[in-house]
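Letter by letter, the chains look like this.
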Amino acid sequence: MDKNKCLSGNPETADIVISVGRGIRDIRYFNKILKLADMLNAQVVGTRPILDLGWISRDREVGLSGLKIAPKICITFGVSGANFHTMGLRGSNLIISVNNDKKANIFNIADYCVIKDVKSVIDKLCIDISKKRLKNTSDVVSFLLGYFDEYKINEI
(Lines give C-alpha, C1' and ligand atoms only; values in the text may rest on other atoms or scores of the structure.)
Protein backbone atom coordinates (compact mmCIF):
# COMPACT_ATOMS: atom_id res chain seq x y z
CA MET A 1 0.00 0.00 0.00
CA ASP A 2 1.22 3.50 -0.82
CA LYS A 3 2.23 5.69 2.09
CA ASN A 4 0.14 8.53 0.69
CA LYS A 5 -3.64 8.26 1.05
CA CYS A 6 -3.94 10.12 -2.23
CA LEU A 7 -2.50 7.14 -4.10
CA SER A 8 -4.41 4.40 -2.33
CA GLY A 9 -8.04 5.48 -2.67
CA ASN A 10 -10.39 5.36 -5.63
CA PRO A 11 -10.10 8.42 -7.89
CA GLU A 12 -13.32 7.45 -9.69
CA THR A 13 -15.36 8.01 -6.51
CA ALA A 14 -13.31 10.84 -4.96
CA ASP A 15 -14.86 14.25 -4.33
CA ILE A 16 -11.56 16.02 -5.01
CA VAL A 17 -8.97 14.93 -7.56
CA ILE A 18 -5.63 16.48 -8.50
CA SER A 19 -4.41 15.73 -12.01
CA VAL A 20 -0.71 16.16 -12.74
CA GLY A 21 0.78 16.86 -16.15
CA ARG A 22 4.16 17.20 -17.78
CA GLY A 23 4.39 20.86 -16.71
CA ILE A 24 5.42 19.76 -13.20
CA ARG A 25 8.82 18.59 -14.53
CA ASP A 26 10.21 17.97 -11.07
CA ILE A 27 9.73 14.93 -8.82
CA ARG A 28 10.10 17.18 -5.76
CA TYR A 29 7.01 19.10 -6.83
CA PHE A 30 5.17 15.90 -7.59
CA ASN A 31 5.92 14.88 -3.98
CA LYS A 32 4.60 18.26 -2.78
CA ILE A 33 1.41 17.58 -4.72
CA LEU A 34 1.08 14.25 -2.92
CA LYS A 35 1.34 16.03 0.45
CA LEU A 36 -1.12 18.69 -0.70
CA ALA A 37 -3.55 16.01 -1.86
CA ASP A 38 -3.36 14.27 1.49
CA MET A 39 -4.12 17.59 3.24
CA LEU A 40 -7.14 18.07 0.95
CA ASN A 41 -8.25 14.43 1.21
CA ALA A 42 -7.90 14.29 -2.58
CA GLN A 43 -6.82 11.57 -4.96
CA VAL A 44 -3.94 12.06 -7.43
CA VAL A 45 -4.11 11.06 -11.08
CA GLY A 46 -2.14 12.11 -14.12
CA THR A 47 -1.48 12.29 -17.81
CA ARG A 48 0.33 9.76 -19.99
CA PRO A 49 3.71 11.57 -19.65
CA ILE A 50 3.46 11.28 -15.85
CA LEU A 51 2.68 7.58 -16.21
CA ASP A 52 5.67 7.20 -18.56
CA LEU A 53 7.91 8.85 -15.94
CA GLY A 54 6.75 6.22 -13.44
CA TRP A 55 5.30 8.79 -11.06
CA ILE A 56 1.82 7.22 -11.19
CA SER A 57 0.64 3.71 -11.92
CA ARG A 58 -1.38 2.79 -15.00
CA ASP A 59 -4.58 2.64 -12.94
CA ARG A 60 -4.19 6.40 -12.22
CA GLU A 61 -3.92 7.59 -15.80
CA VAL A 62 -6.92 9.70 -16.80
CA GLY A 63 -8.05 9.93 -20.37
CA LEU A 64 -9.48 8.23 -23.38
CA SER A 65 -7.70 4.95 -22.62
CA GLY A 66 -7.72 5.42 -18.87
CA LEU A 67 -9.99 6.61 -16.07
CA LYS A 68 -13.05 8.78 -16.54
CA ILE A 69 -13.49 10.82 -13.37
CA ALA A 70 -16.37 12.89 -12.03
CA PRO A 71 -15.25 14.64 -8.83
CA LYS A 72 -16.81 17.74 -7.30
CA ILE A 73 -13.50 19.52 -7.94
CA CYS A 74 -10.60 18.57 -10.19
CA ILE A 75 -7.42 20.64 -9.87
CA THR A 76 -4.92 20.28 -12.69
CA PHE A 77 -1.27 21.22 -12.30
CA GLY A 78 0.87 21.49 -15.42
CA VAL A 79 -1.70 19.76 -17.64
CA SER A 80 -1.64 21.04 -21.22
CA GLY A 81 -5.07 19.72 -22.06
CA ALA A 82 -4.51 17.18 -24.80
CA ASN A 83 -7.83 15.70 -25.91
CA PHE A 84 -6.79 12.21 -24.78
CA HIS A 85 -6.56 13.48 -21.19
CA THR A 86 -9.45 15.95 -21.12
CA MET A 87 -11.86 13.24 -22.29
CA GLY A 88 -11.36 11.68 -18.87
CA LEU A 89 -11.90 14.96 -16.99
CA ARG A 90 -15.18 16.01 -18.62
CA GLY A 91 -17.33 14.49 -15.89
CA SER A 92 -15.82 16.85 -13.29
CA ASN A 93 -18.29 19.24 -11.74
CA LEU A 94 -15.67 22.01 -11.53
CA ILE A 95 -12.15 22.23 -12.97
CA ILE A 96 -9.43 24.50 -11.58
CA SER A 97 -6.42 24.54 -13.92
CA VAL A 98 -2.96 25.89 -13.18
CA ASN A 99 -0.58 26.33 -16.10
CA ASN A 100 1.83 29.11 -17.06
CA ASP A 101 0.92 28.79 -20.76
CA LYS A 102 -2.07 31.05 -21.36
CA LYS A 103 -2.77 29.17 -24.61
CA ALA A 104 -2.93 25.74 -22.94
CA ASN A 105 -5.94 23.76 -24.19
CA ILE A 106 -6.89 22.84 -20.61
CA PHE A 107 -8.22 26.36 -20.20
CA ASN A 108 -10.90 25.58 -22.81
CA ILE A 109 -12.65 23.26 -20.34
CA ALA A 110 -11.60 24.87 -17.03
CA ASP A 111 -13.95 26.84 -14.81
CA TYR A 112 -11.04 28.55 -13.05
CA CYS A 113 -7.93 29.44 -15.10
CA VAL A 114 -4.79 30.16 -13.10
CA ILE A 115 -2.12 31.39 -15.51
CA LYS A 116 0.86 31.30 -13.17
CA ASP A 117 3.98 29.32 -12.48
CA VAL A 118 2.77 25.92 -11.26
CA LYS A 119 5.54 25.57 -8.68
CA SER A 120 4.80 28.92 -7.01
CA VAL A 121 1.07 28.10 -6.83
CA ILE A 122 1.82 24.70 -5.27
CA ASP A 123 4.21 26.23 -2.72
CA LYS A 124 1.75 28.95 -1.69
CA LEU A 125 -1.23 26.59 -1.57
CA CYS A 126 0.69 24.12 0.63
CA ILE A 127 1.54 26.91 3.08
CA ASP A 128 -1.96 28.38 3.10
CA ILE A 129 -3.76 25.03 3.45
CA SER A 130 -1.49 24.02 6.35
CA LYS A 131 -2.83 27.01 8.30
CA LYS A 132 -6.44 25.86 7.94
CA ARG A 133 -8.47 23.38 9.93
CA LEU A 134 -10.57 21.69 7.30
CA LYS A 135 -12.81 19.09 8.88
CA ASN A 136 -14.64 17.63 5.90
CA THR A 137 -15.08 17.74 2.12
CA SER A 138 -17.47 20.66 2.37
CA ASP A 139 -14.81 22.72 4.20
CA VAL A 140 -12.21 21.81 1.56
CA VAL A 141 -14.54 22.70 -1.32
CA SER A 142 -15.41 26.04 0.29
CA PHE A 143 -11.73 26.80 0.89
CA LEU A 144 -10.74 25.97 -2.70
CA LEU A 145 -13.58 27.99 -4.23
CA GLY A 146 -12.65 31.02 -2.14
CA TYR A 147 -8.93 30.55 -2.67
CA PHE A 148 -9.22 30.49 -6.47
CA ASP A 149 -12.23 32.82 -6.78
CA GLU A 150 -10.33 35.55 -8.64
CA TYR A 151 -9.55 33.06 -11.44
CA LYS A 152 -13.15 32.04 -12.07
CA ILE A 153 -14.37 32.42 -15.63
CA ASN A 154 -17.58 34.42 -15.64
CA GLU A 155 -19.82 33.15 -18.38
CA ILE A 156 -22.05 35.56 -20.25
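Residues numbered from 1 in each chain as written. Predicted model: local features only at pLDDT ≥ 70, side-chain atom pairs only at ≥ 80, totals over all residues. Heavy atoms only, no water.

Here's the deal with the nonpolar core
(1) Moving on: Ile18, Ile24, Val44 and Phe77 are the most contacted members of the largest nonpolar core, which totals 39 residues.
(2) Moving on: Mapped by element, the contributors of at least two residues to this core are strand S1 (16-20), helix H1 (27-40), helix H2 (48-53), strand S3 (73-77), strand S4 (94-98), strand S5 (112-114), helix H4 (118-130) and helix H5 (137-147).
(3) Moving on: For this core, the element with the highest residue contribution is H1, accounting for 7 residues.
(4) Moving on: Discounting residues that sit within four places of it in the chain, valine 44 has contacts with Cys6, Leu7, Ile18, Val20, Phe30, Ile33, Leu34, Ala37 and Arg60.
(5) Moving on: Core analysis: the next-biggest nonpolar cluster, separate from the first, contains 16 residues, Ile69, Leu89, Ile95 and Ile109 among them. (Core = buried A, V, L, I, M, F, W, Y, C linked by side-chain atoms within 4.5 Å. Buried < 20%, exposed > 50% of the residue type's maximum accessible area, 1.4 Å probe, protein only. Helix = DSSP H or I, 4+ residues; strand = E, 2+ residues; numbered from the N terminus. Contact = heavy atoms within 4.5 Å.)

Considering the packing of aromatic side chains
(1) Moving on: Tallying each qualifying case throughout the model produces 4 aromatic pairs.
(2) Moving on: Taken together, a centroid distance of 5.2 Å and an interplanar angle of 35° make the contact between phenylalanine 143 and tyrosine 147 tilted. With phenylalanine 143 and tyrosine 147 both in helix H5, this residue pair falls 4 residues apart, about one helical turn.
(3) Moving on: Ring plane angle 55° and centroid distance 6.5 Å describe the contact between phenylalanine 148 and tyrosine 151, whose orientation is recorded as tilted. Just as phenylalanine 148 is buried, tyrosine 151 falls in that class too.
(4) Moving on: Chaining the aromatic ring pairs together yields one cluster made of Phe143, Tyr147, Phe148 and Tyr151. (Phe/Tyr/Trp six-rings, centres within 6.5 Å; stacked < 30°, edge-to-face > 60°.)

Remarks on the pattern of salt bridges
Pairing of side chains with opposite charge becomes possible as their charged atoms draw close.
(1) Moving on: The full count for this structure, using the stated rule, is 6 salt bridges.
(2) Moving on: Aspartate 128 serves as the salt-bridge partner of lysine 124, at 2.7 Å between the closest nitrogen and oxygen. Taken together, the residues lysine 124 and aspartate 128, both in helix H4 and 4 residues apart, mark about one turn of the helix.
(3) Moving on: Of the residues examined, aspartate 128 reaches a relative accessible area of 17% and is grouped as buried.
(4) Moving on: Among the charged side chains, a salt-bridge network with shared partners connects Asp26, Arg28 and Lys119. (Salt bridge = Lys/Arg side-chain N within 4 Å of Asp/Glu carboxyl O.)

Comments concerning H1
(1) Moving on: For H1, built from 14 residues, the straight-helix expectation of 20 Å at 1.5 Å per residue is met to within 8% by its first-to-last C-alpha distance of 20 Å.
(2) Moving on: If you check which residues of H1 are buried, you get Tyr29, Phe30, Ile33, Leu34, Leu36, Ala37, Asp38 and Leu40.
(3) Moving on: For H1, the secondary structure elements touched by its buried residues are S1, strand S2 (43-46), H2, S3, H4 and H5.
(4) Moving on: Two residues or fewer past H1, asparagine 41 is found with a positive phi of approximately 55°. (Expected span 1.5 Å × (residues − 1).)

Some details on the sheet that holds S1
(1) Moving on: Spatially, the 5 strands line up as an open sheet ordered S2-S1-S3-S4-S5, and their pairing is parallel. Across the chains shown, the open sheet's two edge strands, defined by having one partner strand only, are S2 and S5. Mean inter-strand twist for the sheet, computed between neighbouring axes without regard to direction, equals 20°.
(2) Moving on: Both S3 and S4 contribute to a ladder of 5 bridges, which runs parallel. Residue pairing in the sheet places phenylalanine 77 in a bridge with valine 98 of S4.
(3) Moving on: Taken strand by strand, H4 contacts S3, S4 and S5, and its axis lies near 130° from that of S3. (Pairing = 2+ DSSP bridges. Axes fitted to C-alpha atoms, helices over the stretch in contact; angles between N-to-C directions.)

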